[in-house]
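Below, each chain spelled out in residue letters.
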Amino acid sequence: MESNAGKPRGLLYPRPDPRHFEHVRVLPAEDLRPWVEHFWAVRWDLRGQPPYLQQSLSHPSVHWAFQDGTSRVGGVPQGRFSITLEGLGGVFSIKFRPGGFFPFVGTPVSALTRQRTVSPGPLLGPAALELEAAILATDVTRDADRERIALAEAFLRAHKPRPDPNVALVQELVARILEDRAVTKVEDLLTPGGPGLRTLQRLFSRYVGVNPKWVIQRYRLHEAAERLREVPPPELARLALELGYFDQAHFIRDFRRIVGCTPAEYARQAARR
């Protein structure tokens, strides 16, 4: 099954050699797209190769990942997400759209963000453990992707939530943050007749798991990382201004706090890989 969900965003460095690594992203069926962004599978065969540290800047999304004989539902990592790949292995995951997981559980996603990962049973009931067993019984191969997706879609349809207008509202706001570079602060999301600032904060906490300021900053850092991998990289003062920072120093502090190095250091490291 081929990827059809576009290229991933948020990866900090190039992936390992494609001869040893595969990443597939597949859109869900049309009727599940209000809640699910895509399914993804990562497989690697690094036997005889050194371990590979994959680092990424997370998205404001909940993931339900199946790996190593178990499954976990993960909230939004606040900083970098890092995983060391070694030997032979693979992961299959459901990536929910921002706001798309809440209707399945009815509890604030911010609680999941604080816990990082939890077992799906307490959240989604015994049927979630049955899905876990069925998916983990399949082979970790590309040929099994279609079967795993079919199993996941059947579960999601059986537990399809009732319509919730707040889901569409939150997703519209997240889309604005992603697509409109003029949105650089939470007040930019306010519109006449729309929800006020405090209501926005509550909606994002309940449905997304992080506040709107976090989403704005994270998407701008996604863009910063992409731009800094250009050859040559952009001038930092201009990039900071384009991303909505008051000054270059503020941009450097934010970038270093989340990525772990300054923008200039990151550009140099990315160029060497």
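Procedures and definitions
Residues numbered from 1 in each chain as written. Predicted model: local features only at pLDDT ≥ 70, side-chain atom pairs only at ≥ 80, totals over all residues. Heavy atoms only, no water. Axes fitted to C-alpha atoms, helices over the stretch in contact; angles between N-to-C directions. Helix = DSSP H or I, 4+ residues; strand = E, 2+ residues; numbered from the N terminus. Parallel < 35°, antiparallel > 145°, perpendicular 65-115°, else oblique. Contact = heavy atoms within 4.5 Å. Nonpolar A, V, L, I, M, F, W, Y, C, P; charged D, E, K, R; others polar. UniProt positions renumbered as here; feature names shortened; annotations may be inferred. Buried < 20%, exposed > 50% of the residue type's maximum accessible area, 1.4 Å probe, protein only. Phe/Tyr/Trp six-rings, centres within 6.5 Å; stacked < 30°, edge-to-face > 60°. Domains from an automatic or database assignment. Buried area = accessible area lost by both parts, 1.4 Å probe. Salt bridge = Lys/Arg side-chain N within 4 Å of Asp/Glu carboxyl O. Polar contact = N/O pair within 3.5 Å; in protein donor to acceptor, adjacent residues only side chain to side chain. Expected span 1.5 Å × (residues − 1). Arc of directions from axis to C-beta.

Asker: Can you break down the packing of helix α8 (residues 212-228) against helix α10 (residues 248-259) residue by residue, with the values?
Answerer: At a closest axis distance of 11 Å, the pairing of α8 and α10 adopts a crossing angle of 90°. Viewed along their axes, α8 and α10 adopt a mutual orientation that is roughly perpendicular. Here Gln217, Arg218, Leu221, Ala224, Ala225 and Leu228 of α8 lie close against α10, whose contacting residues are Phe251, Asp254, Phe255, Arg257 and Ile258. Looking at the contact of α8 with α10, its residues break down into seven nonpolar, one polar and three charged.

Asker: Quick rundown of the UniProt feature "domain: HTH araC/xylS-type" (unreviewed entry) in the chain? Include the residues and the values.
Answerer: In the numbering used here, UniProt assigns the feature "domain: HTH araC/xylS-type" (unreviewed entry) to residues 168-269. Strand forms 0% of residues 168-269 and helix 66%; the C-alpha atoms that close the span are 39 Å apart.

Asker: Help me get a handle on the packing of helix α4 (residues 126-136) against helix α5 (residues 145-158), residues and values and all.
Answerer: One way to put it is that α4 packs onto α5 with a least axis distance of 10 Å and a crossing angle of 170°. Between α4 and α5, the interaxial angle falls into the category roughly antiparallel. Each of Ala127, Ala128, Leu131, Ala134 and Ile135 in α4 lies in contact with α5, whose residues at this interface are Arg148, Leu151, Ala152 and Phe155. Within the contact of α4 with α5, the residues separate by chemical class into eight nonpolar, no polar and one charged.

Asker: Which residues make up the environment of Gly260, and what are the values?
Answerer: Topologically, Gly260 is positioned in the loop between α10 and α11 (263-272). Considered as a pair, Gly260 and Ile83 are 177 residues apart in the sequence and their alpha carbons are 15 Å apart. Residues in contact with Gly260, not counting those within four places in the same chain, are Arg80 and Phe255.

Asker: Which residues make up the side chain of Lys95, and what values go with them?
Answerer: Among the structural elements, Lys95 can be located in strand β7 (residues 88-96). Look at Lys95 and you get buried, because its relative accessible area is 4%.

Asker: An account of the packing of aromatic side chains is requested, with residue identities and associated values reported.
Answerer: For the structure shown, the criterion picks out 12 aromatic pairs. Note on Phe102 and Tyr207: the rings are 4.4 Å apart at their centroids and 50° apart in plane angle, and the pair reads as tilted. Pair noted here: Phe102 is in helix α1 (residues 102-105) and Tyr207 is in helix α7 (residues 197-208), with a separation of 105 residues, a long-range link. Its relative accessible area of 6% is what places Phe102 among the buried residues. The exposure class assigned to Tyr207 is buried, which follows from its relative accessible area of 6%. Three or more aromatic residues joined by ring pairs make a cluster, and in this case those are Tyr13, Tyr245, Phe251, Phe255 and Tyr266.

Asker: Give me the domain arrangement of the chain: which residues, what numbers.
Answerer: Looking at the assigned domains, one finds that the chain contains domain 1 (21-159) and domain 2 (165-272). Measuring from the centre of the C-alpha atoms in domain 1 to the corresponding centre in domain 2 gives 24 Å. Domain 1 puts 22 residues into the contact, and the matching count from domain 2 is 19 residues. Surface buried jointly by domain 1 and domain 2 totals about 1,800 Å² across both partners, of which 58% is contributed by carbon and sulfur atoms. Joining domain 1 to domain 2, the criterion identifies zero salt bridges. Our count for the domain 1 to domain 2 interface comes out at 12 residue pairs in polar contact (both at pLDDT 80 or more). Sorting the residues of the side of domain 1 that touches domain 2 by element identifies α1 and α2 (109-115) as the ones contributing at least two each. If one sorts the elements of the side of domain 1 that touches domain 2 by residue count, α2 sits on top with three residues. Split into classes, the residues belonging to the side of domain 1 that touches domain 2 amount to 10 nonpolar, 10 polar and two charged.

Asker: Pulling in residues and values, what's your account of α5?
Answerer: Taking 1.5 Å per residue as the helical rise, α5 with its 14 residues ought to reach 20 Å, and the 20 Å between its terminal C-alpha atoms agrees with that figure. Turning to α5, its buried residues number three or more, namely Asp145, Arg148, Ile149, Ala152, Glu153, Phe155 and Leu156. One side of α5 holds all its buried residues, which, seen down the axis, span an arc of 160°. Across from the buried face of α5, at angles greater than 90 degrees, the exposed residues are Arg146 and Ala158.

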